[in-house]
Amino acid sequence: MSDGFEIQQAAVVGAGTMGRGIVISLASAGIPVLWLDANAQMLSAGLKMATDTWAHQVTKGRISQAQAEQNLARLQAVDSYAALADVDLVIEAVYENLELKQEIFRLLDSTLKPDAILASNTSALNIDAIAAVTSRPAQVLGLHFFSPAHIMKLLEIVRGAHTSAAVLAQARQLGQRLGKVAVVAGNCRGFIGNRMLKTYADEARKMLLEGALPQQVDAALQAFGFAMGPFRMYDVVGIDLEWRARQLAGQGMDSPLAQVDNALCERERFGQKTGRGYYRYAEGSREAEHDPQVDALIESIARELGYRRRVIDDQEIIERSLLALVNEGAKILEENIAANSHDIDLVYLNGYGFPAQVGGPMNWADAQGLATIEQRLQALQQQHGEHWKPAALITRLVAAGKGLGNVGEGRV
Ligand code: NAD
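Remember, it's a predicted structure, so these values are computed and weren't measured experimentally.

A. Structural view of the overall build of the protein chain. Counting its secondary structure elements, the protein chain contains 17 helices and eight strands. For the protein chain, the C-alpha radius of gyration of 22 Å lies close to 22 Å, the compact-globule estimate for 412 residues. Within the protein chain, buried positions represent 52% of all 412 residues. Considering only contacts in the protein chain between residues 6 or more positions apart, those separated by 24 or more positions represent 67%.

Pasting the structure below:
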């Protein structure tokens with residue numbers, strides 16, 4: 001594939017939440033899209049959503065009627081892989097299941113022209129395991145959009161072990177055409193953003209068991225500047241996604257940190273979509289209301305697990321949440337999953353609602369002074385256990401009198 005190659009024709013497999021946003025984003029940027037889904041109803045609902053989105057943009061004066069019509073004319077629903085033979089790029093956005101994605105990549109590999117790029121929108125699966133079933137691993141990568149994909153600015157470009165430099169350059173160019181903030185991430189579970197989110201959300205879940213309540217954790221982090229605290233965020237995303245994934249994988253159901261989520265899901269409290277989750281929602285409203293039933297549930301689960309609940313103040317909530325992000329971010333830097341700390345900050349600012357004025361978690365850490373961060377991590381390690389051990393990179397940087405911002409481009 002030459003560097004001058006431009007994507008003239010794309011395809012998207014999957015017409016669910018993500019497929020719809022990705023298709024809108026591609027067509028709005030002038031790229032024709034062939035659209036395939038195993039379920040014809042999902043495709044027609046997807047086409048309707050795209051039509052409605054552009055019609056809404058016309059009423060808001062963001063695009064003209066002619067542009068809306070041109071965008072729609074760029075979409076074509078198809079019902080076979082053979083129809084995708086000549087596309088330059090395909091983005092797969094089907095269910096988060098490795099075997100299913102591998103099956104689809106085998107089909108794509110056998111039907112698409114040899115120089116086509118094959119991308120997956122997976123949130124966390126191993127890109128190399130997907131690339132391995134194809135005859136063209138150099139042309140396989142992750143294009144991880146965020147929901148809703150036509151609105152959220154972040155695009156994580158996931159580099160597999162064999163992804164070529166030319167394909168990464170194409171992906172960056174595509175990101176630019178789509179008006180995204182594109183960050184290249186290495187291949188590990190959750191890449192940059194979701195890997196850090198896991199440590200952060202786990203810390204929030206621990207604090208619930210130790211004595212905090214969802215509305216307190218969310219309020220403290222929102223006062224710090226986050227667009228949304230973690231429990232409000234899970235209510236929006238759907239608490240059931242991880243619950244179903246645990247059940248499917250047959251893993252993690254017994255973890256103490258999963259018990260509150262499990263109990264909520266067993267009560268069909270999946271979040272906003274069922275009107276009840278960590279919060280309750282009046283009919284048709286997105287206003288999160290405190291629900292004393294959830295407090296009682298958390299208190300009883302914590303008791304069963306043997307926790308002696310205590311008062312957790314807002315400062316502790318902010319400290320533990322931010323330090324969880326920083327320590328995992330440092331591990332990500334050390335493993336070269338991110339090229340530099342600025343990229344990590346871009347991910348958090350553009351995909352996770354981190355307060356812009358703080359400049360991202362890694363920037364925050366350097367502003368505190370990395371030696372102070374290391375001491376605070378050590379104090380947490382003593383109090384709460386080994387998962388708080390400072391990342392080796394932090395210890396090394398502190399000894400050298402440097403900050404996280406010095407990592408990358410041969411500076412450390
Ligand atoms: P979804 O359940 O809304 O949609 C999945 C679509 O895939 C459905 O329309 C289904 O009919 C279709 N499909 C299933 N099997 C198929 C097959 N064999 N061939 C063709 N189509 C098939 O899922 P989603 O939320 O859009 O997620 C899609 C992917 O994007 C997942 O890998 C997910 O992890 C990832 N992702 C999701 C989010 C999010 O917030 N929802 C964010 C980032 C990434």
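B. Looking closely at the UniProt feature "domain: 3-hydroxyacyl-CoA dehydrogenase C-terminal" (unreviewed entry) in the protein chain. Sequence positions flagged by UniProt for "domain: 3-hydroxyacyl-CoA dehydrogenase C-terminal" (unreviewed entry) are, in local numbering, residues 190-281 and 317-402. Helix makes up 60% of residues 190-281 and strand 0%, whereas the separation of the span's terminal C-alpha atoms amounts to 30 Å. Between the C-alpha atoms that bound residues 317-402 there is a distance of 27 Å. The span itself is 70% helix and 0% strand.

C. Fine view of the site of the ligand. Every one of the 22 residues lining the ligand counts as a neighbour, but Met 18, Asp 37, Glu 96, Lys 101 and Ser 123 are closest to it. Coverage of the ligand by the protein amounts to 81% of the 830 Å² it exposes when considered alone. Residue assignment for the shell around the ligand shows that the elements contributing at least two residues are helix H1 (17-28), helix H4 (98-111) and strand E6 (140-145). Counting residues per element, the shell around the ligand draws most heavily on H4, at three residues.

D. Representation of the pattern of salt bridges. Counting across every chain of the model gives 24 salt bridges. Arg 269 serves as the salt-bridge partner of Asp 291, at 2.7 Å between the closest nitrogen and oxygen. Here Asp 291, found in the loop between helix H11 (259-266) and helix H12 (292-304), pairs with Arg 269, found in the loop between H11 and H12; they are 22 residues apart in sequence, far enough to count as distant. Of the residues examined, Asp 291 reaches a relative accessible area of 4% and is grouped as buried. Here the salt bridges do not stand alone but share partners, grouping Glu 203, Lys 206, Glu 210, Arg 310, Glu 316 and Arg 320 into one network.

E. Spotlight on the sheet that holds strand E5 (residues 117-120). Pairing is mixed across the open sheet formed by eight strands, whose spatial order is E3-E2-E1-E4-E5-E6-E7-E8. Here the strands that pair on one side only, and so sit at the sheet edges, are strand E3 (75-77) and strand E8 (181-185). Looking at each pair of strands side by side, their axes are set apart by 25° on average, direction ignored. Two strands pair when backbone bridges link them, and E6 and strand E7 (residues 154-158) are joined in this way by four bridges, in the antiparallel orientation. Opposite Phe 145, over in E7, you have Leu 155 as the bridge partner.

F. Up close: unusual backbone geometry. Look at the link from Ser 147 to Pro 148: it is a cis peptide, with omega at -10°. Looking at the element boundaries, Pro 148 is found in the loop between E6 and E7. Its identity is not glycine, yet Glu 268 carries a phi of approximately 55°, on the positive side. Positionally, Glu 268 belongs in the loop between H11 and H12. For Glu 268, a relative accessible area of 53% puts it in the exposed group.

G. Representation of the environment of Ser 123. Position of Ser 123 among the secondary structure elements: in the loop between E5 and helix H5 (127-131). Separated by 24 residues in the primary sequence, Ser 123 and Glu 99 place their C-alpha atoms 15 Å from one another. Ignoring anything within four residues of it in the chain, the contact list for Ser 123 reads Glu 96, His 144, Gly 190, Phe 191 and Asn 194.

H. Representation of a nonpolar patch on the surface within the structure. Nonpolar side chains collect at one region of the surface, where Val 236, Val 237 and Leu 241 lie side by side and expose about 250 Å² of accessible area between them. A residue is classified by how much of its surface remains accessible, and Leu 241, at 45% relative accessible area, is partly exposed.

I. The arrangement of the nonpolar core in detail. Ranked by internal contacts, the top residues of the largest apolar core, which has 75 residues, are Ile 192, Tyr 278, Trp 364 and Leu 404. Here Trp 364 is in contact with Phe 224, Leu 322, Leu 323, Val 326, Val 358, Ile 373 and Arg 376, once residues within four sequence places are set aside. Among the nonpolar cores identified, the runner-up in size contains 37 residues, and Ala 10, Val 23, Ala 50 and Leu 143 belong to it.

J. A look at the environment of Ser 44. Tracing the sequence through the fold places Ser 44 in helix H2 (residues 40-59). Each C-alpha atom of the pair Ser 44 and Ala 15 lies 8.8 Å from the other, and the pair is 29 residues apart in sequence.

K. Structural view of the domain arrangement of the protein chain. Domain annotation for the protein chain reports domain 1 (10-185), domain 2 (212-304) and domain 3 (315-336 + 354-406). The straight-line distance from the C-alpha centre of domain 2 to that of domain 3 is 27 Å. The partner domain 3 presents ten residues to the seven residues of domain 2 that form the contact. Summed over both partners, the interface of domain 2 with domain 3 comes to about 720 Å²; 85% of that surface belongs to carbon and sulfur atoms. Of all residues in domain 2, the largest losses of buried area upon contact with domain 3 belong to Leu 221, Phe 224 and Phe 226, amounting jointly to 67% of the total for that side. Remark: the boundary between domain 2 and domain 3 carries zero salt bridges. Inspection of the region where domain 2 meets domain 3 yields zero residue pairs in polar contact (both at pLDDT 80 or more). Classifying every residue of the side of domain 2 that touches domain 3 by side-chain character gives five nonpolar, two polar and no charged.

Basis of the calculations
Residues numbered from 1 in each chain as written. Predicted model: local features only at pLDDT ≥ 70, side-chain atom pairs only at ≥ 80, totals over all residues. Heavy atoms only, no water. Helix = DSSP H or I, 4+ residues; strand = E, 2+ residues; numbered from the N terminus. Rg over C-alpha atoms; globule rule 2.2 N^0.38 Å. Buried < 20%, exposed > 50% of the residue type's maximum accessible area, 1.4 Å probe, protein only. Contact = heavy atoms within 4.5 Å. UniProt positions renumbered as here; feature names shortened; annotations may be inferred. Near = heavy atom within 4 Å. Areas by Shrake-Rupley, 256 points an atom, 1.4 Å probe, with all protein chains shown as cover. Salt bridge = Lys/Arg side-chain N within 4 Å of Asp/Glu carboxyl O. Pairing = 2+ DSSP bridges. Axes fitted to C-alpha atoms, helices over the stretch in contact; angles between N-to-C directions. Patch = residues over 30% accessible without salt bridge, like charges linked within 9 Å, V, L, I, M, F, W, Y side chains within 5 Å. Core = buried A, V, L, I, M, F, W, Y, C linked by side-chain atoms within 4.5 Å. Domains from an automatic or database assignment. Buried area = accessible area lost by both parts, 1.4 Å probe. Polar contact = N/O pair within 3.5 Å; in protein donor to acceptor, adjacent residues only side chain to side chain. Nonpolar A, V, L, I, M, F, W, Y, C, P; charged D, E, K, R; others polar.

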